[in-house]
Amino acid sequence: MADKTPTGPIELGAQMDYAEHEKTYSMFIMLSKYGTLGCVALMIAMAFGFFTPAGFFSSVVLFLVLCGVGGYLLRDVPTHIR
């Protein structure tokens, strides 16, 4: 049988770039927060426009208000775990 054990130097891989990992994680969390906010605000505004006689423009205003208030409230939520 053939001997398939490696004879060269053992490759341990590249050094991890933890700063880049932290930046990527922070961006992912930020996009998740604001993406969820946008989806929830859209669903609330669509339900408001569908179930009330207020109309389309009132739904758009409600959507913008919800996004503004939610964005203001989410700006201080931490994006990393320590």
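Residues numbered from 1 in each chain as written. Predicted model: local features only at pLDDT ≥ 70, side-chain atom pairs only at ≥ 80, totals over all residues. Heavy atoms only, no water.

Caption draft 1: Quick peek at the overall build of the protein chain. Regarding its fold elements, the protein chain presents two helices and zero strands. Per-residue burial over the protein chain gives 10% buried out of 82 residues. The long-range fraction of contacts in the protein chain, counting pairs at least 24 apart against all pairs at least 6 apart in sequence, stands at 62%. (Helix = DSSP H or I, 4+ residues; strand = E, 2+ residues; numbered from the N terminus. Buried < 20%, exposed > 50% of the residue type's maximum accessible area, 1.4 Å probe, protein only. Contact = heavy atoms within 4.5 Å.)

Caption draft 2: Seen up close, the pattern of salt bridges. Taken as a whole, this structure holds one salt bridge when the rule is applied. Put simply, lysine 23 and glutamate 20 hold a salt bridge, and the shortest N to O gap is 3.5 Å. Remark: glutamate 20 and lysine 23 occur in helix H1 (residues 18-51); sequence separation between them is three residues, near one turn of the helix. Given a relative accessible area of 55%, lysine 23 falls into the exposed group. (Salt bridge = Lys/Arg side-chain N within 4 Å of Asp/Glu carboxyl O.)

Caption draft 3: How the structure looks around helix H2 (residues 56-74). End to end, H2 covers 27 Å across 19 residues, agreeing with the expected 27 Å (1.5 Å per residue, within 8%). Looking only at H2, the buried set comprises Ser59, Gly70 and Gly71. Angular distribution of buried residues about the axis of H2 spans 100°; they occupy a single face of the element. Counted as exposed and oriented over 90 degrees from the buried face of H2: Phe57, Leu64 and Tyr72. Where the residues of H2 are buried, they touch H1. (Expected span 1.5 Å × (residues − 1). Arc of directions from axis to C-beta.)

Caption draft 4: A look at the packing of aromatic side chains. Applying the stated criterion to the full structure yields two aromatic pairs. Residues phenylalanine 50 and phenylalanine 51 carry aromatic rings whose centres are separated by 4.9 Å and whose planes lie at 80° to one another, so their mutual orientation is edge-to-face. Judged on exposure class, the residue phenylalanine 50 and its partner phenylalanine 51 are both exposed. The ring of tyrosine 72 carries the charged tip of arginine 75 above its face, separated from the ring centre by 4.1 Å. (Phe/Tyr/Trp six-rings, centres within 6.5 Å; stacked < 30°, edge-to-face > 60°. Lys NZ or Arg CZ within 6 Å of the ring centre and 35° of its normal.)

Caption draft 5: Summary view of the side chain of serine 59. Tracing the chain through its elements places serine 59 in helix H2. Residue class for serine 59 comes out buried when judged on its relative accessible area of 9%. Here the side chain of serine 59 touches alanine 45 through a polar contact of 3.3 Å, landing on its backbone oxygen. Once residues lying within four places of it in the same chain are set aside, the contact partners of serine 59 are Ala45, Phe48 and Gly49. (Polar contact = N/O pair within 3.5 Å; in protein donor to acceptor, adjacent residues only side chain to side chain.)

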